[in-house]
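Okay, here's what each chain looks like letter by letter:
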Amino acid sequence: GLVFHLARRIWTLIPHTRFSAEERRLLRSLPQAVARGEIQPYFQPVVDAGTGKVVAVEALARWIKADGTLLSPGQFIGLAERGGLIRLLTKGIIEHAVRTAAAWRAHHDLDIPISINLSVEDLEASDLVDHLIALCDQHGVPHGAIRVELTETQSIVHFDVVDRAVATLRQAGMAVYLDDFGTGYASLSVLHRIPFTGIKLDQSFIRTLRDDPRADAIVRASVAIAQDLGLSLVAEGVEDWETRDRLGEMGVRHIQGYVYARPMPAPELIAFAQQAQPA
Ligand code: C2E
Ligand code: CA
Ligand code: CA
Ligand code: CA
């Protein structure tokens, strides 16, 4: 009667019941997928529109299963965050990114910085920043070769902790970008309180830039803020030349988007970057 009723209520309130059967199956297989290296980054270039050179690349997680199926971040990042597995996943991506940076330097004469996406929870974990810096040192990768993009800032609970983590990264020589700038809570108060190196202007404004004067005004204002605060700025989600040119008129040089290239496996990125910047 009552006891059973209560037990059932408690059961429905504990976190794992928020997951569908499919999500539970994915969550269960995630740790092994990380251990087997099935979760690896694709790389998307950030291009200087003035010179055509690749100035950075962003590492974007892909889950490539043994049977060749590819899952995109939308299918497992949020899930990993809710399921408490994001730190594990991040460690896997960091490992790949640092090894890749080392290999590009050693074997391909390519010294383009690699950006990794960190969730707030990653920075709130006390050991992750130290782990990242130690990993670079262990592989002989200069700290400037790794950058950090902070996503999902709406979940910042401990501003002081995130603030310290960002300061530590910057003191170590890593650039730290505020991702999805202008959306949700990734905006002015976060920018005000945390010492970022730069911002990544969210795609939602870029996508509508051509025909929406309001998006145009927001982008212009963001560029002004970045300039006044001495921040770097990257526009992401740029899909056509017209938008790229409009951004250029506003003073935005660093462009990421399908107009130049989609995220791709490391070997393709090497070819892309080498053809974009001949020796
Ligand atoms: P994000 O960090 O904002 O990454 C940019 C997303 O926009 C990527 O989607 C990229 O493929 C896509 N994109 C780039 N250029 C264009 C374009 O011109 N047009 C359109 N329509 N899309 C473009 P993706 O790879 O599916 O990643 C989605 C999100 O998942 C990322 O958004 C990021 O928040 C998260 N994510 C990806 N990898 C990681 C990771 O290793 N760790 C964490 N914590 N989050 C990650
Ligand atoms: Ca990002
Ligand atoms: Ca973004
Ligand atoms: Ca995003």
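Residues numbered from 1 in each chain as written. Chains lettered and ligands numbered in written order. Predicted model: local features only at pLDDT ≥ 70, side-chain atom pairs only at ≥ 80, totals over all residues. Heavy atoms only, no water.

Asks: Tell me about the overall build of the protein chain, and please be specific about residues and values.
Replies: Along its length, the protein chain carries 12 helices and 9 strands. Radius of gyration (C-alpha) of the protein chain: 20 Å, near the 19 Å computed for a compact globule of 279 residues. For the protein chain, the C-alpha atoms occupy an extent of roughly 70 × 45 × 35 Å along the three principal directions. Per-residue burial for the protein chain yields a buried fraction of 46% across its 279 residues. Partitioning the contacts of the protein chain with sequence separation of at least 6, the portion at a separation of at least 24 is 66%. Accessible area of the protein chain: about 13900 Å², with a carbon and sulfur share of 53%. If the 28 positive side-chain charges of the protein chain are averaged to one point and the 34 negative ones to another, these points end up 5 Å apart. (Helix = DSSP H or I, 4+ residues; strand = E, 2+ residues; numbered from the N terminus. Rg over C-alpha atoms; globule rule 2.2 N^0.38 Å. Buried < 20%, exposed > 50% of the residue type's maximum accessible area, 1.4 Å probe, protein only. Contact = heavy atoms within 4.5 Å. Areas by Shrake-Rupley, 256 points an atom, 1.4 Å probe, with all protein chains shown as cover. Lys, Arg positive; Asp, Glu negative; His and termini not counted. Charge placed at Lys NZ, Arg CZ, Asp CG, Glu CD.)

Asks: Help me get a handle on the coordination of the calcium ion (ligand 2), residues and values and all.
Replies: Here the calcium ion (ligand 2) is held by Glu 58 (OE), Asn 117 (OD1), Glu 149 (OE) and Asp 179 (OD), and the distances to it run 2.2 to 2.3 Å. All donor residues of the calcium ion (ligand 2) come from one chain, and their arrangement in sequence is E-x58-N-x31-E-x29-D. Between the calcium ion (ligand 2) and the calcium ion (ligand 3) the interatomic distance amounts to 4.1 Å, and Asp 179 serves as a bridging ligand to the pair. You can see Glu 149 sitting in strand β5 (residues 146–151) and its partner Asp 179 sitting in strand β6 (residues 176–181), a full 30 residues away along the chain. (Donors = N, O, S within 2.8 Å, 3.2 Å for Na, K, Ca; no water.)

Asks: Which residues make up the pattern of salt bridges, and what values do they have?
Replies: This structure, assessed with the given rule, holds 16 salt bridges. Residue Asp 216 pairs with Arg 220 through a salt bridge whose shortest N-O separation is 3.0 Å. Placement of the pair is Asp 216 and Arg 220 together in helix α10 (residues 213–229), with a separation of 4 residues, close to one helical turn. For Asp 216, a relative accessible area of 11% translates into the label buried. Using a relative accessible area of 43% as the deciding quantity, one classes Arg 220 as partly exposed. Residues participating in the shared-partner salt-bridge network are Glu 58, Glu 149, Lys 200 and Glu 236. (Salt bridge = Lys/Arg side-chain N within 4 Å of Asp/Glu carboxyl O.)

Asks: Break down the coordination of the calcium ion (ligand 3) for me, citing the residues and quoting the values.
Replies: With distances of 1.9 to 2.3 Å, the protein atoms coordinating the calcium ion (ligand 3) are Asp 179 (OD), Asp 180 (OD) and Glu 236 (OE). Judged by relative accessible area, which is 7%, Glu 236 ranks as buried.

Asks: Please give an account of the nonpolar core that cites residues and values.
Replies: Membership of the largest hydrophobic core comes to 86 residues, with the highest contact counts inside it found for Ile 39, Ile 114, Ile 116, Leu 123, Leu 132, Ile 146 and Leu 247. Looking at which element gives the most residues to this core, the answer is helix α4 (residues 86–108), with 9 residues. In contact with Leu 132, other than residues within four places in its own chain, are Ile 94, Val 98, Ile 116, Ile 146, Val 148, Leu 169 and Met 174. Counting residues in hydrophobic clusters, the runner-up holds 5 residues, among them Val 46, Ala 56, Tyr 177 and Val 234. (Core = buried A, V, L, I, M, F, W, Y, C linked by side-chain atoms within 4.5 Å.)

Asks: Explain α4 to me, using residue names and the numbers behind them.
Replies: With 23 residues, α4 extends 31 Å from end C-alpha to end C-alpha; this agrees with the ideal 33 Å at 1.5 Å per step. One or two residues past the end of α4 sits Asp 109, with phi positive at roughly 55°. (Expected span 1.5 Å × (residues − 1).)

Asks: Could you give an account of the pairing of β5, with specific residues and numbers?
Replies: The buried count for β5 comes to 5 of 6 residues, which makes it a mostly enclosed element. In this sheet, β5 lies alongside strand β4 (residues 114–119) in parallel orientation, the contact comprising 6 bridges. Looking at the pairing, Ile 114 lines up with Ile 146 of β5. In terms of handedness, the path from β5 via helix α7 (residues 159–171) over to β6 forms a crossover that is right-handed. (Pairing = 2+ DSSP bridges. Right-handed = clockwise from strand over helix to strand, strands pointing away.)

Asks: Any details on the packing of α4 against helix α6 (residues 128–138)? Residues and values, ideally.
Replies: Viewed as axis vectors pointing N to C, α4 and α6 meet at an angle of 20°, and their least axial separation amounts to 10 Å. One element, α4, and the other, α6, form an angle in the roughly parallel class. At the point where α4 passes α6, the crossing takes the right-handed sense. Residues Thr 90, Lys 91, Ile 94, Glu 95 and Val 98 of α4 touch α6, and the partners they reach there are Leu 128, His 131, Leu 132, Leu 135 and Cys 136. (Axes fitted to C-alpha atoms, helices over the stretch in contact; angles between N-to-C directions. Parallel < 35°, antiparallel > 145°, perpendicular 65-115°, else oblique. Left-handed = near helix turned anticlockwise from the far one by under 90°.)

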